[in-house]
Amino acid sequence: MREGSAPLIRREDYTAPAYTIRQAELTFDLDAAKTIVASKLSVQRDTAQDKQPLRLHGEDLNLLRVLVDGQSVAFRHEDGLLVLEAPEADSFTLEIRNTIAPEKNTQLSGLYASGSGLFTQCEAEGFRRITYFLDRPDVMATFTVTLRADKAKYPVLLSNGNLVGQGELDGGRHFAVWNDPFPKPSYLFALVAADLVRREQRVTSRSGQEHLLQIYVKRGDLEKTEHAMNSLIASIIWDEHRFGLPLDLERFMIVAVDDFNMGAMENKGLNIFNTKFVLASPATATDDDFDGIESVVGHEYFHNWTGNRITCRDWFQLSLKEGLTVFRDQEFSMDMSGSASARAVRRIADVSSLRERQFTEDAGAMAHPVRPDAYQAIDNFYTPTIYEKGAEVVRMMHTLVGRAGFAAGMKLYFQRHDGQAVTCDDFAQAIADANPDSTLAQQLPLFKRWYSQAGTPRLQARGQWDADNATYTLTLSQHTPATPGQSAKQPQLLPVRMGLVGRDGQPVALQLQGEAGAAGTERVLVLTEAEQRFVFTGVTQDVVPSLLRGFSAPVLLDDGLGDAELLVLLAHDADAFNRWEASQRLAVHRLRAAVQGSGAVQLDEAYLGALRALLLDPVLDPSFKARALQLPVETYLAELITPVDPQRIHAACESWLDQVAACLQADWAATFDAMQVREGYRPDATQSGQRALANLALAMLVRHAVATGDAVWPGRAFQRVKDATNMTDRLGALEALVNAHAPLAQPALERFLALAGTEALVVDKWFQVQARAAEKDGRVFARVRQLLQHPQFTLSNPNRARSVLSSLVMFNPAAFHRSDAAGYVLWADMVIALDAANPQLASRIARALDRWTALAEPYRSAAREAIARVAASTRLSGDVREIVTRALDAA
Ligand code: B3K
Ligand code: ZN
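Cut-offs used in this document
Residues numbered from 1 in each chain as written. Chains lettered and ligands numbered in written order. Predicted model: local features only at pLDDT ≥ 70, side-chain atom pairs only at ≥ 80, totals over all residues. Heavy atoms only, no water. Helix = DSSP H or I, 4+ residues; strand = E, 2+ residues; numbered from the N terminus. Rg over C-alpha atoms; globule rule 2.2 N^0.38 Å. Buried < 20%, exposed > 50% of the residue type's maximum accessible area, 1.4 Å probe, protein only. Contact = heavy atoms within 4.5 Å. Pairing = 2+ DSSP bridges. Axes fitted to C-alpha atoms, helices over the stretch in contact; angles between N-to-C directions. UniProt positions renumbered as here; feature names shortened; annotations may be inferred. Near = heavy atom within 4 Å. Polar contact = N/O pair within 3.5 Å; in protein donor to acceptor, adjacent residues only side chain to side chain. Domains from an automatic or database assignment. Salt bridge = Lys/Arg side-chain N within 4 Å of Asp/Glu carboxyl O. Disulfide = S-S within 2.5 Å. Core = buried A, V, L, I, M, F, W, Y, C linked by side-chain atoms within 4.5 Å. Expected span 1.5 Å × (residues − 1). Arc of directions from axis to C-beta.

Draft legend 1. Region of the structure containing the overall build of the chain. In terms of helices and strands, the chain carries 28 helices and 31 strands. Computed over C-alpha atoms, the radius of gyration of the chain comes to 28 Å, within 12% of the 29 Å expected from 2.2 N^0.38 for 891 residues, which places it in the range of a compact globule. Relative to its 891 residues, the chain shows a buried fraction of 61%. Contacts spanning at least 24 positions in sequence make up 71% of the contacts within the chain whose residues lie at least 6 apart.

Following this line, the structure appears as structure tokens:
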């Protein structure tokens, strides 16, 4: 949609479709320049509704003919729709023929060319860019698809479902016929025509059914697919084991493509993936990449039930499938990681990402509820709120009904709705109905405010120990700040998992007033009102409350704890998540004081001693230590320290790092040596934890060496860039040099790029390391400008574009927010340039200034000016238009 703003689509305007499509027979004569699409649709009118014209979606199509029951009919184009007067019959066959030009499709939505192949992306509204259709998720059809193409150019022809025919055609062409027996919405349609090779494996499910699993990649990439295949098999086993959900297909295919707007897509039986989430070898992928592959492969596979078997009635319900599926992939990754400590580290990573991305979203111009009320471009709503906050909402249900109760709820959900397109209400109702005695069932309308209310709730907690009566009174209160378009907020239901910790570090038995006896040392308090008191009895010593264990609700907690209490939690809390949280809070206290004071942090002995104790603790997992010894990212700190001065925040972080590097130098050195992995590479929790801590130690050592002019550690890091046997170590060493602005950074970068060769994903890392580097005197920003001119840079590959642009505008606040506004000028230029080719990608970059109103001057005014400049551009897509309009309205 170009020029002018797209109309606002409102949730309350939903109406059932006047027509539905039961069967679709599609024939494609594939060619990059001109593909002919012939479709034969069995259409049925909903006779319960008044007779209306048939309105079909279509975008950028060249229509050749329309037949109803074999006869040509009159039609007209209206607001991007193809309109036919209602045919006489209630059910009829509609035949359409149109052409499209995949090689001109730079939006990467619909059918497009990537390299020498053809690929599709249909969610949310890409199918209408292939042919005219009722392109909405509540219209579900069975598809039979015939693909015809040049055999030499496109030897592999894939679509959803089962291969039911294939053969040769004249003129060096061939064909394949695919049938998908499961009715599905058009957004789950996919086709691939390309020159690919595959890894395949047969597996037998519990019921004894055989399945064929295939992963298709470009020639030369086959040996990098083993981890993805293992992840797929693990996902299949896990879903059957944990939720009783088996693979329902004879064949399950994954195809990797270089040019892709997001991570991956769950098309029925034919998942299409960004190469980033398929390809991995120790030499090309980091431990984080291996983890990412496992979780995205799992996520898309789990969609087969939560998303495909049961789909969304309309796009406002997107979190029905996304929040639930993120919850499932998070649980999968936790179950795969093994030890309790590795699980906690997973949770820490998930929560960090939620806070960095979703909390900032909830505080900015694009704040919206988990179930939004209105949108202009649905692609703008594939957000951390829909995904990650949506997953937290599901997790709270899980907390309230327990693991078995949740499994029962899922079972009921499938009993009721398998094969349907439903709403978030239907899901919550099923979980509640399966658990009638639960707090969730009793408080369902209150709980569902999580779906309708935007913004991050603030939870305040204050405790009072009464020595005379041996009671401890915990007062919990909540409020949610106004968000754009939603000023009045009501209390929400907050499950608060908690314990009380003695000053000696021992857990205290919990007994609430009125209870017969003490039961355990941990429980879930449920806050349902603006303020409530909980009185614990038998508390004979002063205690430290450990609240929101495991991050039991997605809120910002103010518990008023001071350093002394946080140090108790850091050293002793039985909940690993809260131990980590204490480490973060202790750091934030110091950073805030610095930002609001002299600029540099003053690290006291007690704090440094606690960090040293953590680093040298003989029991704690290295991966946990690495997390607890790292600062929160600067974008999240910006939420905690307002008005936001990105330069002062960065300066405070740098000064924290300098001191921790200097004061713990000997400990970092010992840690680096102790953390070396001697066995062969495995991307498991144990080894990756050691590598993470070793890399952190190396970064500290190089930083300190550069500050003192010592050459040994930079030399060792450079050696590691050259000799490392895996990407985690190589990249870690490179980052250490680049972030410290070491003289050896430049030769290390050159060596890294030479070693990368033609591995696109490794070259992406080379760009990313530089664009995300710690800013110093404007050098990083200057480097980014050069990178944009680099021969290997291009805006047309989303991964490459993001490796520089997202890195700068989303992940490097100190390089981006400059007092001379050069970062904003670059941002505006890039948003406008990208938007002309790929609105979805442009609109992601555009969101970098969502939080401009929180910025301190001079950043605030300059950011506003840049947004206004983009908004003034006359040729904006609806996607970017929505983002910049909302941003300006937020003032
Ligand atoms: N459902 C897709 C995302 C589609 C994004 C469309 N702009 C991937 C996923 O969440 O699994
Ligand atoms: Zn998803």
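Draft legend 2. Representation of the sheet that holds strand β26 (residues 471-479). Ordered in space as β29-β26-β25-β31, the four strands form an open sheet in which the pairing is mixed. The strands lining the two open edges of the sheet, one partner per strand, are β29 (531-537) and β31 (556-558). Recorded for the sheet is a direction-independent mean angle of 20° between the axes of neighbouring strands. Sheet topology places strand β25 (residues 458-466) next to β26; nine bridges connect them, and they run antiparallel.

Draft legend 3. Looking closely at the UniProt feature "domain: Peptidase M1 alanyl aminopeptidase C-terminal" (unreviewed entry) in the chain. UniProt's entry tags residues 563-888 with the feature "domain: Peptidase M1 alanyl aminopeptidase C-terminal" (unreviewed entry), counted in the numbering of this structure. Split by type, residues 563-888 is 72% helix and 0% strand. Its first and last C-alpha atoms lie 40 Å apart.

Draft legend 4. Here's a closer look at the site of ligand 1. With respect to spatial proximity, 14 residues lie near ligand 1, and among them Glu-123, Glu-266, Glu-300, Asp-379 and Tyr-387 are the closest. Glu-266 places a side-chain nitrogen or oxygen 2.8 Å from a nitrogen atom of ligand 1. Within the contact set of ligand 1, a nitrogen atom lies 3.4 Å away from a side-chain nitrogen or oxygen of Gln-840. For the shell around ligand 1, the secondary-structure elements that each account for two or more residues are β20 (264-265), α2 (287-303) and α3 (318-337). Sort the elements by how many residues they give to the shell around ligand 1 and α2 lands first, with three residues.

Draft legend 5. Focus on the domain arrangement of the chain. Considered domain by domain, the chain is made up of domain 1 (9-195), domain 2 (312-452), domain 3 (458-553) and domain 4 (757-891). Placing a centre on the C-alpha atoms of domain 3 and another on those of domain 4 gives a separation of 42 Å.

Draft legend 6. Representation of the sheet that holds strand β17 (residues 197-204). In space, the five strands of this open sheet follow the order β17-β18-β19-β21-β20, with mixed pairing throughout. Of all strands in the sheet, those with a lone pairing partner are β17 and β20, marking the two edges. Here strand β19 (residues 251-257) runs beside strand β21 (residues 270-274); their pairing, made up of five bridges, is parallel. What sits directly across from Val-255, in β21, is Ile-272. Strand contacts of helix α1 (residues 226-243): β17, β18 (210-217) and β19, with the helix running at about 150° to β18, the strand carrying the most contacts.

Draft legend 7. Up close: the UniProt feature "domain: Peptidase M1 alanyl aminopeptidase Ig-like fold" (unreviewed entry) in the chain. The feature "domain: Peptidase M1 alanyl aminopeptidase Ig-like fold" (unreviewed entry), as given by UniProt, occupies residues 455-558 in the numbering adopted here. Secondary structure content for residues 455-558 is 0% helix and 45% strand, and the end C-alpha separation is 16 Å.

Draft legend 8. Structural detail: the pattern of salt bridges. Per the stated rule, a full pass over the model turns up 65 salt bridges. Arg-343 is the partner of Asp-335 in a salt bridge, and the nearest nitrogen-oxygen pair spans 2.8 Å. For Asp-335, a relative accessible area of 28% gives the class partly exposed. The partly exposed category is assigned to Arg-343, whose relative accessible area is 26%. In this structure, Asp-425 and Arg-371 form a salt bridge, with 3.4 Å as the shortest nitrogen-oxygen distance. Here Arg-371 lies in the loop between α4 (340-362) and β23 (374-375) and Asp-425 lies in helix α6 (residues 424-433), a separation of 54 residues in the sequence. Among the residues examined, Asp-425 registers a relative accessible area of 31% and is labelled partly exposed.

Draft legend 9. Structural detail: the state of the cysteines. As enumerated under the stated definition, the model contains zero disulfides in all. The thiol of Cys-653 is not disulfide-bonded; the next cysteine sulfur, from Cys-663, is found 17 Å away.

Draft legend 10. Representation of the side chain of Ser-583 within the structure. Its place among the elements puts Ser-583 in helix α11 (residues 576-596). When sequence neighbours within four positions are dropped, the list of residues in contact with Ser-583 reads Leu-570 and Ala-628.

Draft legend 11. Just the nonpolar core, in detail. Leu-94, Phe-427, Phe-536, Trp-656 and Trp-827 are the most contacted members of the largest nonpolar core, which totals 296 residues. Per-element tally for this core: the top contributor is helix α5 (residues 384-417), with 13 residues. Dropping the residues within four chain positions of it, Trp-656 is found in contact with Ala-587, Leu-591, Val-601, Leu-603, Tyr-607, Leu-611, Leu-629, Leu-631 and Met-700.

Draft legend 12. Structural detail: helix α18 (residues 712-723). Its 12 residues place the ends of α18 16 Å apart at the C-alpha level, agreeing with the 16 Å of an ideal helix rising 1.5 Å per residue. Looking at α18, one finds that the buried residues are Trp-713, Pro-714, Ala-717, Phe-718, Arg-720 and Val-721. The arc enclosing the buried residues of α18, seen along the axis, measures out at 155°, which places them on a common side. Tucked inside the fold, the buried residues of α18 contact α16 (665-674), α17 (685-708), α19 (727-739) and α20 (745-756).

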